Amino acid sequence: MAEAEAVQLKEEGNRHFQLQDYKAATKSYSQALKLTKDKALLATLYRNRAACGLKTESYVQAASDASRAIDINSSDIKALYRRCQALEHLGKLDQAFKDVQRCATLEPRNQNFQETLRRLNTSIQEKLRVQFSTDSRVQKMFEILLDENSDADRLEKSANNLIVLGREEAGAEKIFQNNGVALLLRLMDTKKPELMLAAVRTLSGMCSGHRARATAILHAVRIDRICSLMAVENEEMSLAVCNLLQAIIDSLSGEDKREPRGKEEALVLDSKKDLKQITSHLLDMLVSRKVSGQGRDQALNLLNKNVPRKDLAIHDNSRTIYVVDNGLRKILKVVGQVPDLPSCLPLTDNTRMLASILINKLYDDLRCDPERDYFRKICEEYITSKFDPQDMDKNVIAIQTVSGILQGPLDLGNQLLGLKGVMEMMVALCGSERETDQLVAVEALIHASTKLSRATFIITNGVSLLKEIYKTTKNEKIKIRTLVGLCKLGSAGGTDYALRQFAEGSTEKLAKQCRKWLCNASIDTRTRRWAVEGLAYLTLDADVKDDFVQDVPALQAMFELAKASTSDKTILYSVATTLVNCTNSYDVKEVIPELVQLAKFSKQHVPEEHPKDKKDFVDMRVKRLLKAGVISALACMVKADNAILTDQTKELLARVFLALCDNPKDRGTIVAQGGGKALIPLALEGTDVGKVKAAHALAKIAAVSNPDIAFPGERVYEVVRPLVRLLDTQRDGLQNYEALLGLTNLSGRSDKLRQKIFKEKALPDIENYMFENHDQLRQAATECMCNMVVNKEVQERFLADGNDRLKLVVLLCGEDDDKVQNAAAGALAMLTAAHKQLCLKMTQVTTQWLEILQRLCLHDRLSVQHRGLVIAYNLLAADAELAKKLVESELLEILTVVGKQELDEKKAAVVQTARECLSKCMDYGFIKPVS
């Protein structure tokens with residue numbers, strides 16, 4: 001009964017639908033749905049009610065009903081099309097497109113479906129274009145950012161999108177054209193840190209690589225506003241504004257290296273005035289009390305990076321002259337700040353060091369003596385103006401200024417130490433009762449005692465005071481600095497055993513105290529840094545370094561400090577210096593016995609080596625360092641940022657690595673702890689000496705290690721260039737030899753590596769060393785060439801006319817040295833196997849070829865004999881005429897004798913190859929088998 005009534009209600013609904021009474025039709029279909037369970041009828045009712053929904057614009061209901069019909073019958077074409085129509089009206093074009101695509105698949109000839117398919121495709125493309133067009137993106141982002149009711153997630157997403165857009169050329173231009181700079185300024189006015197950051201970072205992107213836009217933004221935002229933003233306490237904001245200023249400076253000065261395009265190319269902008277204005281504001285920031293320590297650091301960083309010339313070959317140093325004229329006194333004021341005095345400006349731990357670096361760079365950038373004299377005169381006037389018998393604070397500032405300059409240009413600092421009253425004032429301040437005075441005086445003495453002559457003055461006049469301060473002070477900061485002062489004075493004689501400044505055992509006591517502080521984790525990092533610096537001086541003494549490497553907790557404390565302080569260049573340098581001293585990897589002048597005798601005769605001082613600086617002791621120290629985990633510490637230090645890891649520090653690390661790699665047995669440990677990977681950046685960047693030392697260490701590792709383990713992945717290709725650079729006549733024989741061994745190992749791994757070695761133009765250098773008189777160099781070069789000849793491009797070089805490459809290899813096969821013969825024969829075997837032309841060419845390059853070949857085939861060493869027989873087979877197989885010539889010679893007798901030998905495990909390859917040669921002769925019909 002219910003099913004019959006449901007069918008009746010369906011028919012009633014159909015009549016209402018035909019009369020366009022869609023509400024009544026919907027009601028009838030809904031009543032019928034409650035009465036039936038028949039799936040076919042249910043599908044029809046849902047499909048019909050979906051049609052009503054489309055007519056009454058109830059698109060959500062229509063899509064839902066159509067989906068229910070499709071759930072019952074997935075191929076219901078009417079339901080699919082109706083859901084497509086509903087979804088299109090709901091704006092879900094991609095889903096609608098899928099439904100009509102299914103309809104068109106079921107009925108390909110239905111024009112209605114095809115038309116809908118085309119229309120939807122066009123609509124989707126248009127929607128995507130509008131959605132992703134830069135204009136609408138920019139507009140939408142600003143709307144969200146400036147809407148006070150926007151939630152945090154949307155704000156963050158829009159801010160990040162705006163930054164990314166600003167970095168794209170098209171996006172930056174659209175933001176600029178659509179009044180974006182004014183809108184970004186409104187964002188900055190909101191005073192909300194995250195929005196201000198987004199605005200600053202977007203402006204940075206917009207300024208990069210576009211001079212006209214950078215100029216317009218500089219004038220719109222104004223330099224005073226930019227500097228006031230950089231002056232805030234917020235480190236993230238200060239850094240972001242610093243990056244914005246750097247982007248502006250790069251664009252204005254042309255440092256961005258991007259080519260101008262379009263209208264930009266037609267503009268001729270004079271940016272000197274703007275650059276001078278930026279420099280002037282940065283100098284003003286240095287002495288302003290409103291500027292935070294972070295802001296002052298960023299101003300110093302910008303001056304450091306942009307004022308001195310990048311290349312001293314450039315004649316114009318006008319920017320440096322301008323800063324010296326208008327800002328040197330301001331920089332000196334920063335250098336002379338004493339944190340404990342009430343007049344001190346806001347500083348960070350790095351501010352004074354950055355100012356010292358700037359003074360150093362400015363001084364180095366001066367071109368002539370008059371410029372340097374003028375610079376010195378300003379410094380002298382500034383320091384002497386601070387000396388005041390009535391005001392101790394001024395005297396302290398004067399000495400602090402000298403101390404800061406000593407950390408910059410050392411020769412200028414030493415000249416200033418010669419000023420009347422400077423050294424005396426340092427010693428006098430040591431005797432002051434005020435801790436601030438003592439702290440400044442001790443630091444100044446530490447920096448002043450670099451020269452032996454100055455150290456001698458301080459030892460005479462100030463050591464007793466330093467010792468007194470060390471004993472009496474309760475302030476740990478002063479105590480540790482006093483200790484470092486004593487350490488530096490104690491090491492003034494360097495490694496010279498005869499020039500020890502203090503009594504026997506004194507330096508060991510100082511070092512013991514430094515190690516104690518180093519191991520004390522409760523002391524702050526800055527104070528422990530001084531302990532490392534003390535050890536950097538004291539470890540010049542062999543007794544101290546020997547004790548230090550035996551103190552495993554102290555070693556590991558230093559390594560942990562180095563790992564945790566990759567943002568502190570002083571710690572990295574001090575740790576690297578200490579390790580250089582412990583491994584004796586510093587440069588040592590060669591002692592010529594005749595000159596020593598002459599010096600003794602003329603009663604001159606002769607440097608003496610400490611007994612514990614002999615090789616046995618050094619090797620033991622290296623083993624202890626490796627056991628303590630020095631490689632992981634070095635690997636962490638290498639990863640530090642370039643601004644922190646200076647070229648000098650890189651050179652020191654390269655020296656340490658080279659010393660650690662000296663023993664082949666230790667190289668596996670170094671590789672296992674990541675030493676191979678850490679060496680690559682040191683070999684590619686830094687000082688020339690540092691790059692050579694790192695490349696030599698790489699060569700030592702590459703020579704004995706599996707390259708896939710030592711340099712995993714693509715890193716192995718970066719190793720090739722440093723090794724090739726060692727193949728230079730200016731490098732010593734050991735460096736040449738180990739580089740060749742490393743390249744031999746690499747070239748044996750894959751053709752891709754052989755190709756890389758070839759592209760680095762190593763082939764001519766390898767060939768040069770094959771001519772060397774030195775047996776080991778000649779052998780290493782020949783072995784390397786043996787691996788290289790597998791490469792097709794190398795083979796083409798041998799095929800080319802007008803060179804003696806093949807002749808050299810043939811003649812090396814005739815050498816008396818077994819190893820050279822073996823390598824040369826291997827190369828010749830591969831070359832003759834690869835190209836028949838080379839077989840014929842071999843017979844033309846020298847008249848001795850047959851004699852050499854016969855000697856190879858009769859060689860006592862089986863590997864050489866086997867290679868000789870392979871060459872013989874290649875010649876026999878290459879050409880019948882050549883084969884006939886060989887058969888007519890004594891070679892046939894040699895082949896017969898070898899081929900008749902019993903097959904045993906050792907000689908199997910040799911005998912088998914000889915028999916193959918005889919078989920080839922039989923194929924030609926030159927010989928016949930004996931029955």
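Remember, it's a predicted structure, so these values are computed and weren't measured experimentally.

Before going further, it helps to examine the overall build of the protein. Looking only at helices and strands, the protein has 55 helices and zero strands in total. Within the span of the protein, comprising 931 residues, buried residues form 51% of the whole. Here the analysis covers contacts within the protein between residues at least 6 apart in sequence; of these, 68% occur between residues at least 24 apart.

Turning to the layout of surface pockets, a few remarks are in order. Taken as a whole, the second largest pocket spans an internal volume of roughly 610 Å³. Breaking the lining of the second largest pocket down by element, the ones donating at least two residues are helix H15 (235–253), helix H17 (272–286), helix H18 (293–306) and helix H19 (318–335).

All right, on to the nonpolar core then. If you look at the biggest cluster of nonpolar residues, it comprises 248 residues, and the most contacted ones within it are Phe375, Met426 and Leu634. Top contributing element to this core by residue count: H15, with ten residues. Membership of the second largest hydrophobic core comes to 29 residues, among which are Leu33, Leu42, Cys52 and Val100.

What follows covers the packing of aromatic side chains. Under the counting rule described, the total for this entry stands at four aromatic pairs. Measuring from centroid to centroid gives 5.2 Å for Tyr81 and Phe113, while their planes differ by 50°, and the two rings are tilted. Residue Tyr81 is located in helix H5 (residues 77–89), and its partner Phe113 is located in helix H7 (residues 111–132); the two are separated by 32 residues in the primary sequence. Taken individually, Tyr81 and Phe113 each receive the classification buried, so the pair is uniform in this respect. Taking the centre distance of 5.3 Å and the plane angle of 65° together, the rings of Tyr363 and Phe375 count as edge-to-face. Placement of the pair is Tyr363 in helix H20 (residues 351–364) and Phe375 in helix H21 (residues 369–386), with a sequence separation of twelve residues.

Here we come to empty space enclosed by the protein. In the structure shown here, the tally under the stated rule is two cavities of 30 Å³ or more. Roughly 30 Å³ of internal volume is contained in the second largest cavity. If you go around the second largest cavity, the residues you meet are Asp647, Lys650, Glu651, Ala654, Leu682, Glu685, Gly686, Thr687, Gly690 and Lys691. Listed by contribution, the elements that provide at least two residues to the lining of the second largest cavity are helix H37 (647–660) and helix H40 (688–704). The biggest single contributor to the lining of the second largest cavity is H37, with four residues. Class assignment for the residues of the lining of the second largest cavity results in two nonpolar, three polar and five charged.

Bringing the packing of helix H48 (residues 805–812) against helix H49 (residues 818–834) into the picture now. The interhelical angle for the contact between H48 and H49, taken along N-to-C directions, is 135°, at an axis separation of 8 Å. Considered as vectors, H48 and H49 are oriented oblique to each other. Every pair of crossing elements has a handedness; the one defined by H48 and H49 is left-handed. On the side of H48, the interface is formed by Leu806, Val809, Val810 and Leu812, while H49 contributes Val820, Gln821, Ala824, Ala827, Leu828 and Leu831. Taken together, the residues that form the contact of H48 with H49 break down as nine nonpolar, one polar and no charged.

Taken as a whole and judged by the stated rule, the model has 37 salt bridges. A salt bridge links Lys10 to Glu11; its shortest N-O distance comes to 3.7 Å. The closest approach of N and O atoms between Arg434 and Asp437, which form a salt bridge, is 2.8 Å. Owing to a relative accessible area of 33%, Arg434 belongs among the partly exposed residues under this scheme. If you follow the salt bridges from partner to partner, you end up with Lys615, Asp619, Asp662, Lys700 and Glu738 in one network.

The next point concerns the side chain of Glu767. The residue Glu767 is located in helix H45 (residues 763–770) in this model. A polar side-chain atom of Glu767 sits 2.4 Å from a polar atom in the side chain of Arg805.

Non-glycine residue Gln20 carries a positive phi angle of around 65°. Given the relative accessible area of 59%, Gln20 is considered exposed.

According to UniProt, the "repeat: TPR" (unreviewed entry) feature falls on residues 6–39. In this annotation, residues 6–39 is assigned 82% helix and 0% strand; the end-to-end C-alpha distance for the span is 12 Å.

Mapped onto the elements of the fold, Leu856 is located in helix H51 (residues 849–857). As for Leu856 and Asn822, which are separated by 34 residues in sequence, their C-alpha atoms are 9.1 Å apart. Leave out the neighbours within four places in its chain, and Leu856 touches Cys813, Gln821, Ala825, Val864, Gln865, Gly868 and Ile871.

This part takes up a positive patch on the surface. A grouping of Lys305, Lys310, Arg319 and Lys361 is seen on the molecular surface, where their side chains present a positively charged patch. As for its position among the elements, Arg319 is in helix H19. For Arg319, a relative accessible area of 37% corresponds to the partly exposed category.

Before going further, it helps to spend a moment on a negative patch on the surface. Together, Asp151, Asp153, Glu156 and Glu194 make up a region of like negative charge exposed at the surface. With respect to the element layout, Glu156 can be found in helix H9 (residues 152–167).

What follows deals with the packing of H48 against helix H50 (residues 836–845). At a minimum axis distance of 9 Å, the contact between H48 and H50 shows a crossing angle of 75°. The angle between H48 and H50 falls in the class roughly perpendicular. Facing H48, whose interface residues are Leu806, Lys807 and Val810, H50 presents Leu838, Lys841, Met842 and Val845. When grouped by side-chain class, the residues that make up the contact of H48 with H50 number five nonpolar, no polar and two charged.

Before going further, it helps to examine H20. An α-helical segment advances 3.6 residues per turn. Residues three or four places apart therefore align on the same side. End to end, H20 covers 20 Å across 14 residues, agreeing with the expected 20 Å (1.5 Å per residue, within 8%). Considered for burial, the residues of H20 that qualify are Thr351, Arg352, Leu354, Ala355, Ser356, Leu358, Ile359, Leu362 and Tyr363.

Quick notes on the rules
- Residues numbered from 1 in each chain as written.
- Predicted model: local features only at pLDDT ≥ 70, side-chain atom pairs only at ≥ 80, totals over all residues.
- Heavy atoms only, no water.
- Helix = DSSP H or I, 4+ residues; strand = E, 2+ residues; numbered from the N terminus.
- Buried < 20%, exposed > 50% of the residue type's maximum accessible area, 1.4 Å probe, protein only.
- Contact = heavy atoms within 4.5 Å.
- 1 Å grid on protein atoms, 1.4 Å probe; cavity = no way out; pocket = protein on both sides within 12 Å on 5 of 7 lines; lining within 4 Å.
- Points joined across faces, edges and corners; volume = space filled by probe spheres on them.
- Core = buried A, V, L, I, M, F, W, Y, C linked by side-chain atoms within 4.5 Å.
- Phe/Tyr/Trp six-rings, centres within 6.5 Å; stacked < 30°, edge-to-face > 60°.
- Nonpolar A, V, L, I, M, F, W, Y, C, P; charged D, E, K, R; others polar.
- Axes fitted to C-alpha atoms, helices over the stretch in contact; angles between N-to-C directions.
- Parallel < 35°, antiparallel > 145°, perpendicular 65-115°, else oblique.
- Left-handed = near helix turned anticlockwise from the far one by under 90°.
- Salt bridge = Lys/Arg side-chain N within 4 Å of Asp/Glu carboxyl O.
- Polar contact = N/O pair within 3.5 Å; in protein donor to acceptor, adjacent residues only side chain to side chain.
- UniProt positions renumbered as here; feature names shortened; annotations may be inferred.
- Patch = residues over 30% accessible without salt bridge, like charges linked within 9 Å, V, L, I, M, F, W, Y side chains within 5 Å.
- Areas by Shrake-Rupley, 256 points an atom, 1.4 Å probe, with all protein chains shown as cover.
- Lys, Arg positive; Asp, Glu negative; His and termini not counted.
- Charge placed at Lys NZ, Arg CZ, Asp CG, Glu CD.
- Expected span 1.5 Å × (residues − 1).

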